[in-house]
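Structural characterization, general
Each chain, letter by letter, is given below.
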Amino acid sequence: MPRTIHTSESFLAALQQRGAIHLRRVTFRRNRSTVWSLTQGGTALNLHVAYRSAPPDLLDAFAVIARTGGKATAASRAASSSVLEWPELMSALETVRRSAQRHGVAAVGCSGTKEQREYLRALYRYFNRTRFDGVLPDAVPLRLSNRMSSRLGHMLPGRHRNGHRYVKEIALNIDLLLAGNGAGRIDTLLHEMAHAAAYLESGERGHGPSWRSWAEWVGCHPSRLYHRTVQRRGRRRTPVTRVPPLPSPLR
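Anyway, here's the lowdown on the structure attached to this text. (Residues numbered from 1 in each chain as written. Predicted model: local features only at pLDDT ≥ 70, side-chain atom pairs only at ≥ 80, totals over all residues. Heavy atoms only, no water.)

**Here we look at the pattern of salt bridges**
In total, this model carries four salt bridges according to the counting rule given. With a closest N to O distance of 2.6 Å, Arg 18 and Asp 60 form a salt bridge. Of this pair, Arg 18 sits in the loop between α1 (8-17) and β1 (25-29) while Asp 60 is found in helix α2 (residues 56-67), placing the two residues 42 residues apart along the sequence. For the salt bridge of Lys 114 with Glu 118, the shortest nitrogen-to-oxygen distance reads 2.5 Å. Taken together, the positions of Lys 114 and Glu 118, both in helix α5 (residues 114-130) and four residues apart, correspond to about one turn of that helix. Accessibility expressed as a relative area gives 45% for Glu 118, which makes it partly exposed. (Salt bridge = Lys/Arg side-chain N within 4 Å of Asp/Glu carboxyl O. Helix = DSSP H or I, 4+ residues; strand = E, 2+ residues; numbered from the N terminus. Buried < 20%, exposed > 50% of the residue type's maximum accessible area, 1.4 Å probe, protein only.)

Have a look at this one:
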């Protein structure tokens, strides 16, 4: 059976039928990293163009996201994980990135300062050495994102034409650098590093047995959802300048 290719209007109608009554507009964009965002007080949903062919279960997930206004609830985090793990999204992102590289467009940058990037790199290398026995590449691109709303982090997998797997980036929500988020920051970084290890080891992209095995081995919570309270800025426009202290062995 052919899959429906949605227009902005039909996607909006499908979500409104699923209870997202406050949503007023859906816009498809050909982004290189941001795959969805809610703006204008939760009334406008911006989506990567790959989601034009979203099946009913993804429409259900986006309806949950829209109904919660992008707020970090257990339901919205589960829905966000579902839409991010959709296999067709990764191939679409890779196509857009390759096109950008051919036209000389720069890669998406990091929202953190030089000192914050150095902190994140030192933390990654420390955990790679002490928790992962050095199995991860030291040069994995790391990024701090100012645009994540319900998500705390992600690992973006890649594959060369010869079939070789690699990690395109690990990104963390920059709010994790705020005071009081030490446990969440460490758990999220280990969570995404476990995704990287599972993908490089077996090709697993989601929260399957390979990821759970790594999560239990390195000591992060072996669940797709993070249940601790995370401190957040009142406004996303407020810059995060704090550089947390490194673990004592690195000071």
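Having seen it, we continue.
**Considering the nonpolar core**
Counting 35 residues, the largest nonpolar core has Phe 132, Ile 170, Leu 189 and Met 193 as the members making the most contacts within it. Breaking this core down by element, the ones donating at least two residues are α5, β4 (142-145), β6 (165-173), α6 (182-202) and α7 (209-218). For this core, the element with the highest residue contribution is α6, accounting for eight residues. Excluding residues within four positions of it along the chain, Phe 132 makes contact with Phe 127, Leu 190, Met 193, Ala 194, Ala 197, Trp 214 and Val 218. Grouped together as the second largest cluster of nonpolar side chains are 29 residues, Leu 15, Tyr 51, Leu 59 and Ile 65 included. (Core = buried A, V, L, I, M, F, W, Y, C linked by side-chain atoms within 4.5 Å. Contact = heavy atoms within 4.5 Å.)

**Re the layout of surface pockets**
Empty space among the atoms can be located by rolling a probe the size of a water molecule over them. Here the second largest pocket defines a volume of roughly 280 Å³. Lining of the second largest pocket is provided by 17 residues; of these, Gly 70, Ala 72, Ser 149, Ser 150 and Arg 232 occupy positions nearest its centre. Taken together, the residues that form the lining of the second largest pocket break down as five nonpolar, five polar and seven charged. (1 Å grid on protein atoms, 1.4 Å probe; cavity = no way out; pocket = protein on both sides within 12 Å on 5 of 7 lines; lining within 4 Å. Points joined across faces, edges and corners; volume = space filled by probe spheres on them. Nonpolar A, V, L, I, M, F, W, Y, C, P; charged D, E, K, R; others polar.)

**Considerations on unusual backbone geometry**
A positive phi is found at Gln 40, a non-glycine position, where the angle reads about 55°. Within the secondary structure, Gln 40 is located in the loop between β2 (36-39) and β3 (44-48). With phi around 55°, Asp 133 is a residue other than glycine that occupies positive phi space.

**Focus on a positive patch on the surface**
Side chains of Arg 25, Arg 29, Arg 147 and Arg 236 sit close together on the surface and give a patch of like positive charge. Within the element layout of this structure, Arg 25 appears in strand β1. Take Arg 25: its relative accessible area is 36%, and that puts it in the partly exposed class. (Patch = residues over 30% accessible without salt bridge, like charges linked within 9 Å, V, L, I, M, F, W, Y side chains within 5 Å. Areas by Shrake-Rupley, 256 points an atom, 1.4 Å probe, with all protein chains shown as cover. Lys, Arg positive; Asp, Glu negative; His and termini not counted. Charge placed at Lys NZ, Arg CZ, Asp CG, Glu CD.)

**Let's talk about α7**
Considered for burial, the residues of α7 that qualify are Ser 210, Trp 211, Trp 214, Ala 215 and Val 218. Viewed along the axis of α7, the buried residues span an arc of 135°, placing them on a single side of the element. Facing away from the buried side of α7 by more than 90 degrees, the exposed set consists of Pro 209, Glu 216 and Trp 217. Contact partners of the buried residues in α7: α6. (Arc of directions from axis to C-beta.)

**Describing the packing of aromatic side chains**
For the coordinates displayed, the defined rule picks out five aromatic pairs. Relative to Phe 28, the ring of Phe 11 has its centre 5.6 Å away and its plane inclined at 85°; by these criteria the two rings are edge-to-face. With Phe 11 in helix α1 and Phe 28 in strand β1, this pair connects stretches of sequence that are 17 residues apart. A connected cluster of aromatic rings, assembled from ring pairs, spans Phe 11, Phe 28, Tyr 51 and Phe 62. We note Arg 165 situated over the ring of Tyr 199; from NZ or CZ to the ring centre the distance is 5.9 Å. (Phe/Tyr/Trp six-rings, centres within 6.5 Å; stacked < 30°, edge-to-face > 60°. Lys NZ or Arg CZ within 6 Å of the ring centre and 35° of its normal.)

**Here we look at the side chain of Ser 80**
Structurally, the position occupied by Ser 80 is in helix α3 (residues 74-84). Contacts of Ser 80, omitting those with residues within four sequence positions, involve Trp 36, Ile 65, Ser 150 and Arg 151.

**Some thoughts on the sheet that holds β3**
The sheet built from three strands is open, its strands ordered β1-β3-β2 with mixed pairing. The open sheet terminates on both sides in strands that have one partner only, identified here as β1 and β2. Taken over all neighbouring pairs, the strand axes of this sheet differ in orientation by 20° on average, direction set aside. Looking at chain direction, β2 and β3 are connected through four bridges and run antiparallel. By the bridge assignment, Thr 39 is partnered in β3 with Ala 44. The strands touched by α2 are β2 and β3; relative to β2, the strand with the most contacts, the crossing angle is about 30°. (Pairing = 2+ DSSP bridges. Axes fitted to C-alpha atoms, helices over the stretch in contact; angles between N-to-C directions.)

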